[in-house]
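# Fold and contact review
Residue-level listing of the chains:
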Amino acid sequence: MSENSDPHVATPTLQGEKFVYDFTEGNKDLKHLLGGKGANLAEMTNLGLPVPPGFTITTEACNIYLDSGAEPAALRDEVSAHLDALEQKMAKKLGQADDPLLVSVRSGAKFSMPGMMDTVLNVGLSDASVAGLAAQAGDERFAWDSYRRLVQMFGKTVLGVDGDLFEEALEEAKRAKNAATDVDLETADLKELVARFKKIVSREAGRDFPQDPREQMDLAVRAVFESWNTDRAKLYRRQERIPGDLGTAVTICSMVFGNLGPDSGTGVAFTRDPASGHQGVYGDYLQNAQGEDVVAGIRNTVALAELEQIDKTSYDQLMGIMETLETHYRDLCDIEFTIERGQLWMLQTRVGKRTAGAAFRIATQLVDQGLIDEAEALQRVNGAQLAQLMFPRFDENAKRQLLGRGIAASPGAAVGKAVFDSYTAIKWSRSGEKVILIRRETNPDDLDGMIAAEGILTSRGGKTSHAAVVARGMGKTCVCGAEELEVDTKSRRLTADGTVIEEGDVVSIDGSTGKVYLGEVPVVPSPVVEYFEGRMHAGADDADELVEAVHRIMAYADRRRRLRVRANADNAEDALRARRFGAQGIGLCRTEHMFLGERRGMVEKLILADTDDEREEALGALLPFQKKDFIELFEAMDGLPVTVRLLDPPLHEFLPDITELSVRVALAEARKDHNENDLRLLQAVHKLHEQNPMLGLRGVRLGLVIPGLFAMQVRAIAEAAAERKNAKGDPRPEIMIPLVGTVQELEIVRDEAEQVIAEVERATGVELTLALGTMIELPRAALTAGQIAEAAEFFSFGTNDLTQTVWGFSRDDVEASFFTAYLEKGIFGVSPFETIDRDGVGALVRSAAEAGRATRPGLKLGVCGEHGGDPESVHFFHEVGLDYVSCSPFRIPVARLEAGRAAASSAGSDSR
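Just so it is clear, the structure is predicted and the values come from calculations on it, not from any experiment.

### A short note on the overall build of the protein
- Of the regular secondary structure elements, the protein holds 36 helices and 31 strands.
- A principal-axis box enclosing the C-alpha atoms of the protein has dimensions of 105 × 65 × 60 Å.
- Across the protein, every contact between residues at least 6 apart in sequence was considered, and the portion connecting residues at least 24 apart equals 69%.
- For the protein, the exposed surface amounts to about 37200 Å²; the carbon and sulfur share of it is 47%.
- Placing the 103 positive and 143 negative side-chain charges of the protein at their respective mean positions leaves the two points 1 Å apart.

As structure tokens, then:
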């Protein structure tokens, strides 16, 4: 780096390390080193496509700089050597006065982070070279327009000047000339604007805008490095679960200019529609503009198809390149290009972000085209996308008041109160309000608000604007470019054909049609949910392309997956729904849910029982209700396993609240109207009160302390199974003992259960097969799994409680008290209650599975915590060899898909 721009001491470099690659040296498989942008520019260069010459500084150089505060010692010489080669290739020097070489300095991480890091264009331009650029181009206005862009971008990005100051100065200049857009400003106006911009820089940054071209480039490179750790970049990485230690590469590319007049322009193209997946010509084009104008959405674009009328030669060449790239990458490609006086240049390509529906459609289309196979198709979609497709949509038959229409940028149905800045979106969202973020256009600083909002609405920009690209990546509903809506962010109102929407008014936006409605529009179930429910059939006349694509992808997953998928269901209704969604049994039936409602009084009698007779009477009253529930459940899941967990929660959960009961008793005493039952209940509540009930008298401990409780439940299960078998059914119950910490607990309960089952067999004359197993939800159980397997025919990992006890977290408390801080500080990438903690909880699951099967080779292993439906966790459970996952009914399709993806992924890894 240049001496006058480098206050740091250079970091020593290991001999042989290479930090700079020419575009002719890399390829698309070096994303970890060259970032997505650099790797793909190199790939396009290798393909012989028209790419402006340039070079890339690696992510390793970035990480050294971020770790030490200084760039590697060898970096300056490597950059100088590549810059010399670029100057020789272009036959001009960086920033020379008469015919300046100008470059762009752009970020590029391994994973796409649109708009989150920094870019500076026109680097090398100065007071000394602006006239030379004008003479070279034969266009003085163009040169000064390029200069004002550089000062503006450099001031904001590199020197940290508030970007609004430049925007306000630009708006004032346009108002003074009655100019609709910046294109309408003349040369003299732009000269004045450059002078004003430079004064802003001097005042706000405490230094003059640098006139040394190399200093500009070096400072821009450093700014790109540092942009990896901006708040918005960190937030985006957390949102997208991108590791924070990857760093960004920096591409330095010779400038080509789209702002040279009407025969020049810039655009973004997609090889397929990223919103729907349909094939065709999709993208935006803007004449006489530079790239940031399209992405920023500050000027409304024309559809890419119109380029055919503007410049047919460039259009035809672009169509050919798009076909080449899609075939080469075997996927939807997102392309940035510039036309400089009729010459087409490719500035970037990447595998494009897409909506959930587009992902499923494109995956099946590419299979049909022979570009990918079924296993690869499974890697092109994911469970989070499938979950999005199961969200409701607006009811087409409901009465609606249309406010306007924009571009359908990211599908979905979003309803919320209108807000006009990110701060308000965050504040209201945290207080429980659903909001729609409304802006003229968004920029990277709006990311927090976009995350908080239900949907995003902008009056400017197209499908490739910042709002559209980021919303699609996050799965947020978005409508862009609604030009007929006048957005006034200062007054906090939106005006649509005379109708005024104030902040706090409810609006509804449809990201599938681009329509914006006043008030709340009712929603109806997604067609994908109707398909899983069996109300819509793939291949039927009323089934759309999306349902057909989902049907095919699910078939691919089901054919490949090893993991079976069960449901967490406590009643016949949930069990039937789960079966329709593809459940292969019930992995967790919580029997405590059967004791609520009208039956709570029976449990109270059991708790208050003072004698064996009273206790047996209470248990006897509960038995027929339990048996009836199990009969219904076994009938709904006939032929499939049903794992019934015996009573688990502390008994105080079945009693009235201690405060409420104390008040009731006190009032009764004041009236001298004593209620003996309330007094006994209060005594029982005090007796059962525990400081930490989740670690107290619950689970297997209840069965050991309250005689007959577990025996009653086992009898109900066994009698229900016998009755179903007599009715020619095929019940397959499994009895699960909760919260076991030592094998001795399990052995005692197992002996009692086997005696009860034998009694039922003798009484009914029906031979029963009931597996007896346990939940592994305590660290000690996991650590002694080899011993516990001697008495257990199956393990089901209760990862909710296992996470609580491994971390020492009380889930009900910690998520509200300090998890937000832990996520913001990077202690968690994601809550361990959402995704399995592989290193801690996961290590116990792995070791317990291995130890259990070492003792009992045929041991069945499953998981029934919330992690059973989490996409990333499903992959882990596949890796450690579990037999099944169990989750809530609506997450079953997601678990099925992820189980198939996990199998396809591991098979691919094994074959490599």
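### Some points on the side chain of glutamate 43
- Its location among the elements puts glutamate 43 in helix H1 (residues 31-46).
- Among buried charged residues, glutamate 43 stands out as having no salt bridge; its nearest opposite-charge side chain is lysine 28, 5.0 Å away.

### Comments concerning the layout of surface pockets
- Taken as a whole, the second largest pocket spans an internal volume of roughly 620 Å³.
- If you go around the second largest pocket, you meet 25 residues; those closest to its centre are Met694, Arg698, Asn800, Asp801 and Gln804.
- Among the secondary structure elements, those contributing two or more residues to the lining of the second largest pocket are strand S25 (586-590), helix H31 (799-807) and helix H32 (811-817).
- Tallied by class, residues from the lining of the second largest pocket come to 6 nonpolar, 7 polar and 12 charged.

### Points about the pairing of strand S29 (residues 794-797)
- The alternating pattern of S29 places Phe794 and Ser796 and Phe795 and Phe797 on opposite faces, both of which are buried.
- Bridge count between strand S28 (residues 771-776) and S29: 3 bridges; the pairing is parallel. Across the sheet, residue threonine 774 finds its bridge partner in S29, namely phenylalanine 795.
- Strand direction decides the pairing type here: S29 and strand S30 (residues 860-863), joined by 4 bridges, are parallel. By the bridge assignment for S30, serine 796 is matched with glycine 862.

### Considerations on helix H12 (residues 312-329)
- Taking 1.5 Å of rise per residue, the 18 residues of H12 would be expected to cover 26 Å, and the 26 Å separating its terminal C-alpha atoms lies within 8% of that figure.
- Along H12, the positions that sit buried rather than exposed are Ser314, Tyr315, Leu318, Ile321, Met322, Leu325, Glu326 and Tyr329. Here the buried residues of H12 occupy an arc of 130° about the axis, which is enough to place them on one side. Along H12, the residues that are exposed and aim more than 90 degrees away from the buried face are Thr313 and Glu323.
- In this fold, the buried residues of H12 make contact with H1, strand S6 (265-272), strand S7 (279-287), helix H11 (307-310), strand S9 (333-340) and strand S10 (343-351).
- Arginine 330, located one to two residues past H12, shows a positive phi value of around 55°.

### Remarks on empty space enclosed by the protein
- Counted under the stated rule, the structure contains 3 cavities of 30 Å³ or more.
- As a volume, the largest cavity reaches approximately 50 Å³.
- For the largest cavity, the full set of lining residues is Ser112, Phe270, Asp334, Arg350, Val351, Gly352, Lys353, Val469 and Arg472.
- Counting residues per element, the ones that place at least two in the lining of the largest cavity are S10 and helix H18 (466-474).

### So, the packing of helix H4 (residues 130-137) against helix H5 (residues 140-157)
- Running from N to C, H4 and H5 cross one another at 140°; their axes reach a closest spacing of 7 Å. Accordingly, the angle class assigned to the pair H4 and H5 is oblique. Handedness of the H4/H5 crossing: right-handed. For the pair H4 and H5, contact is made by Val130, Leu133, Ala134 and Ala137 and by Glu140, Phe142, Ala143, Trp144, Ser146 and Tyr147, respectively.

### Overview of the sheet that holds strand S24 (residues 564-568)
- The 8 strands are arranged S24-S25-S26-S27-S28-S29-S30-S31 in a closed barrel whose pairing can be described as parallel. Across the sheet, the axes of successive neighbouring strands diverge by a mean angle of 30°, strand direction being ignored.
- Pairing between S25 and strand S26 (residues 641-645): 3 bridges, direction parallel. Along S26, the bridge assignment pairs isoleucine 586 with valine 642.

### Quick word on the pairing of strand S5 (residues 248-254)
- Across the 7 residues of S5, 7 count as buried, placing the element largely inside the fold.
- As judged from the 4 bridges shared by strand S2 (residues 54-57) and S5, these two strands associate in the antiparallel manner. Bridge assignment links threonine 56 to a residue of S5, and that residue is threonine 251.
- Sheet analysis places strand S3 (residues 103-109) next to S5, joined by 7 bridges and oriented antiparallel. Bridging from a neighbouring strand, valine 105 pairs with isoleucine 252 of S5.

### Looking at the sheet that holds S10
- A sheet is described by the order of its strands in space; here 5 strands give the open sequence S8-S7-S6-S9-S10, paired in antiparallel fashion. The two strands at the open ends of the sheet, each matched to only one other strand, are strand S8 (302-303) and S10.
- Note: S7 against S8, 2 bridges, orientation antiparallel. When the sheet's bridge partners are listed, aspartate 284 is paired in S8 with alanine 303.

### Observations regarding unusual backbone geometry
- For asparagine 122, which is not glycine, the phi torsion reads 65° and is therefore positive.
- Positionally, asparagine 122 belongs in strand S4 (residues 119-123).
- Residues other than glycine seldom take positive phi values, yet arginine 330 does so here, at roughly 55°.
- The residue arginine 330 is located in the loop between H12 and S9 in this model.
- Judged by its relative accessible area of 33%, arginine 330 is partly exposed.

### Brief notes about the packing of helix H23 (residues 612-636) against helix H27 (residues 709-726)
- Relative to each other, H23 and H27 sit at 40°, their axes nearing to 8 Å. The angle between the axes of H23 and H27 places the two elements in the oblique class. Handedness of the crossing formed by H23 with H27: right-handed. Where H23 abuts H27, its residues Leu619, Leu622, Leu623, Gln626, Lys627, Phe630, Ile631, Phe634 and Glu635 lie against Leu709, Met712, Gln713, Arg715, Ala716, Ile717, Glu719, Ala720, Ala721, Glu723 and Arg724.
- In terms of residue class, the contact of H23 with H27 is made up of 12 nonpolar, 2 polar and 6 charged.

### Re a negative patch on the surface
- A contiguous patch of negative charge, built from Asp162, Asp164, Glu167 and Glu168, is present on the exposed surface.
- Following the sequence through the fold, aspartate 164 ends up in helix H6 (residues 163-176).

### Describing the nonpolar core
- If you look at the biggest cluster of nonpolar residues, it comprises 135 residues, and the most contacted ones within it are Phe360, Leu386 and Val550.
- Among the elements that take part in this core, H27 stands out by supplying 11 residues, more than any other.
- For valine 550, the residues in contact, after removing those within four places along its chain, are Phe360, Leu386, Leu389, Val528, Tyr531 and Phe532.
- Listed in part, the 59 residues of the second largest apolar core include Val105, Leu121, Val161 and Leu185.

### Notes on the packing of aromatic side chains
- Using the criterion set out here, one finds 20 aromatic pairs in the structure.
- Ring centres of tyrosine 531 and phenylalanine 532 lie 5.0 Å apart, and the angle between their planes is 50°; on these two criteria the pair is classed as tilted. No difference in accessibility class separates tyrosine 531 from phenylalanine 532, as the two residues are buried.
- Relative to phenylalanine 809, the ring of tryptophan 807 lies with its centre 5.2 Å away and its plane at 10°, an arrangement referred to as stacked.
- You can call tryptophan 807 partly exposed: its relative accessible area is 33%.

Here is what the cut-offs are and how they apply
- Residues numbered from 1 in each chain as written.
- Predicted model: local features only at pLDDT ≥ 70, side-chain atom pairs only at ≥ 80, totals over all residues.
- Heavy atoms only, no water.
- Helix = DSSP H or I, 4+ residues; strand = E, 2+ residues; numbered from the N terminus.
- Contact = heavy atoms within 4.5 Å.
- Areas by Shrake-Rupley, 256 points an atom, 1.4 Å probe, with all protein chains shown as cover.
- Lys, Arg positive; Asp, Glu negative; His and termini not counted.
- Charge placed at Lys NZ, Arg CZ, Asp CG, Glu CD.
- Buried < 20%, exposed > 50% of the residue type's maximum accessible area, 1.4 Å probe, protein only.
- Salt bridge = Lys/Arg side-chain N within 4 Å of Asp/Glu carboxyl O.
- 1 Å grid on protein atoms, 1.4 Å probe; cavity = no way out; pocket = protein on both sides within 12 Å on 5 of 7 lines; lining within 4 Å.
- Points joined across faces, edges and corners; volume = space filled by probe spheres on them.
- Nonpolar A, V, L, I, M, F, W, Y, C, P; charged D, E, K, R; others polar.
- Pairing = 2+ DSSP bridges.
- Expected span 1.5 Å × (residues − 1).
- Arc of directions from axis to C-beta.
- Axes fitted to C-alpha atoms, helices over the stretch in contact; angles between N-to-C directions.
- Parallel < 35°, antiparallel > 145°, perpendicular 65-115°, else oblique.
- Left-handed = near helix turned anticlockwise from the far one by under 90°.
- Patch = residues over 30% accessible without salt bridge, like charges linked within 9 Å, V, L, I, M, F, W, Y side chains within 5 Å.
- Core = buried A, V, L, I, M, F, W, Y, C linked by side-chain atoms within 4.5 Å.
- Phe/Tyr/Trp six-rings, centres within 6.5 Å; stacked < 30°, edge-to-face > 60°.

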